[in-house]
Amino acid sequence: MAQTPRLAVGDKAPDFSLPDADGNTVALSDFAGRKVIVYFYPAASTPGCTKQACDFRDSLAELNEAGLDVVGISPDKPEKLAKFRDAEGLTFPLLSDPDKKVLTAWGAFGEKSMYGKTVQGVIRSTFLVDENGVIEVAQYNVKATGHVAKLRRDLSV
């Protein structure tokens with residue numbers, strides 16, 4: 001298994017156009033002129049992903065006040081994303097990438113270590129994309145717990 005190429009600060013963010021939990025198309029270009037946090041997570045409704053999503057939900061007002069939008073992307077189908085959103089009261093877009101094309105383009109799918117084994121899967125990752133579509137922050141293999149608090153500290157939000 002080869003390592004997926006990773007994005008770095010200063011790279012142009014790969015565009016995407018994906019269905020959200022309601023089947024509406026959301027594109028990176030929809031956020032032009034605004035900063036957006038794009039985060040990739042393995043699976044809706046799992047303990048770590050739920051903790052991370054709820055941390056973003058609980059910080060959303062402060063992030064939005066600082067001019068930051070949030071978008072979560074996973075390989076889950078829109079129906080599963082809708083259940084996750086509704087169960088957890090999530091108020092930011094959750095996007096579906098079942099063929100993992102966007103995950104791969106962003107370097108968020110590939111080889112990772114899980115329970116001591118090397119497997120192919122979603123690499124929990126977070127990016128800050130600036131108003132012009134350029135990567136300002138690129139973080140791979142982030143922890144589900146405490147990540148949003150660390151990101152807020154790093155961004156002074």
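All of these numbers come straight from a predicted model, not from anything done at the bench. (Residues numbered from 1 in each chain as written. Predicted model: local features only at pLDDT ≥ 70, side-chain atom pairs only at ≥ 80, totals over all residues. Heavy atoms only, no water.)

1. Brief notes about the overall build of the chain
Definition in use: Only DSSP runs of H or I covering at least 4 residues are called helices, and only runs of E covering at least 2 are called strands; the numbering of each starts at the N terminus. In this setup the radius of gyration rests on C-alpha atoms only. A globule is expected at 2.2 Å times the number of residues raised to 0.38. Here's how the labels work: a residue is buried when its accessible area is under 20% of the maximum for its type, exposed when over 50%, partly exposed in between, all with a 1.4 Å probe on protein chains only. Every residue pair with non-hydrogen atoms within 4.5 Å of one another is taken to be in contact.
For the chain, the helix and strand inventory stands at four helices and nine strands. Going residue by residue from the N terminus, the α and β elements of the chain occur as β-β-β-α-β-α-β-α-β-β-β-β-α. Here the chain has a C-alpha radius of gyration of 14 Å; the compact-globule value for 157 residues is 15 Å, and the two agree. Overall size of the chain, expressed as C-alpha extent along the three principal axes, is 40 × 35 × 30 Å. For the chain, the residues scored as buried account for 50% of the 157 residues in total. Within the chain, contacts between residues at least 6 apart in sequence are counted, and of these 64% link residues at least 24 apart.

2. Observations regarding helix α2 (residues 78–88)
Counted only if it meets this: The arc in question is formed by the directions pointing from the helix axis toward the C-beta atoms.
What α2 keeps buried is the set P78, L81, A82, F84 and R85. Down the axis of α2, the smallest arc covering the buried residues is 165°, so these residues share one side. Away from its buried face, by an angle of more than 90 degrees, α2 presents the exposed residues E79, K83, D86 and A87. Looking one or two residues beyond α2, the residue adopting positive phi is G89, at roughly 65°.

3. A look at the sheet that holds strand β8 (residues 125–129)
Applied cut-off: At least two DSSP bridges between two strands are required for those strands to pair. Axis angles are defined between N-to-C directions and span 0 to 180 degrees, where every axis is a line fitted to C-alpha atoms and, for a helix, only to the segment in contact.
Within the open sheet, the five strands sit side by side as β5-β4-β3-β8-β9. Their pairing is mixed. Edge strands, defined here as strands with exactly one partner in the open sheet, are β5 (94–96) and β9 (135–140). Each strand of the sheet is rotated relative to its neighbour by a mean of 20°, with strand direction disregarded. Bridge analysis of strand β4 (residues 68–74) against β5 gives three bridges, and the strand direction is parallel. Within β5, the residue paired with G72 across the bridge is L94.

4. Digging into the nonpolar core
Selection rule: We call a set of buried residues a nonpolar core when its members are Ala, Val, Leu, Ile, Met, Phe, Trp, Tyr or Cys and they connect through side-chain atoms within 4.5 Å of each other.
Counting 24 residues, the largest nonpolar core has F16, V38, F40, I73 and W106 as its most contacted members. Per-element tally for this core: the top contributor is strand β3 (residues 35–40), with three residues. Counting 22 residues, the second-largest nonpolar core is a separate cluster that includes Y41, L81, A82 and L94.

5. A closer look at the pairing of β3
Put simply, the rule reads: Think of it like this: strands point away, you trace from the first strand over the helix to the second, and a clockwise trace means the crossover is right-handed.
β3 sits mainly inside the fold: five of its six residues count as buried. Since β3 and β4 lie parallel, the crossover through helix α1 (residues 47–65) that links them has a hand, and here it is right-handed.

6. Notes on the UniProt feature "active site" (unreviewed entry) in the chain
Here is the rule: UniProt positions are given in the numbering used here, feature names are shortened, and annotations may be inferred rather than shown by experiment.
UniProt marks C49 with the feature "active site" (unreviewed entry), using the numbering shown here. Owing to a relative accessible area of 2%, C49 belongs among the buried residues under this scheme. Those residues in contact with C49, other than ones at most four positions away along the chain, are Y41, P42, A43, F84 and R124.

7. Observations concerning the packing of aromatic side chains
Filter applied, for reference: Only the six-membered ring of Trp is used, alongside the rings of Phe and Tyr, when aromatic pairs are assigned; centres must lie within 6.5 Å, and planes under 30 degrees apart are stacked while those over 60 apart are edge-to-face, with the rest tilted. As a reminder, the over-ring test applies to NZ of lysine and CZ of arginine, requiring each to be within 6 Å of the ring centre and within 35 degrees of the ring normal.
Evaluated as defined, the whole model comprises 10 aromatic pairs. The interplanar angle of 80° and the centroid separation of 5.9 Å between the aromatic rings of F40 and F127 together place this pair among those described as edge-to-face. Of the two residues, F40 is situated in strand β3 and F127 in strand β8; the sequence distance between them amounts to 87 residues. Neither F40 nor F127 differs from the other in exposure class; each is buried. On the basis of an interplanar angle of 45° and a centroid distance of 6.2 Å, the ring pair of Y41 and F84 is categorised as tilted. Highlighted residues: Y41 in the loop between β3 and α1 and F84 in helix α2, separated in sequence by 43 residues. Like F84, Y41 is buried. Here the aromatic cluster, defined as three or more aromatic residues joined through ring pairs, consists of F16, F40, W106, F127 and Y140. A cation sits over an aromatic face here: R6 above Y140, 4.3 Å from the ring centre.

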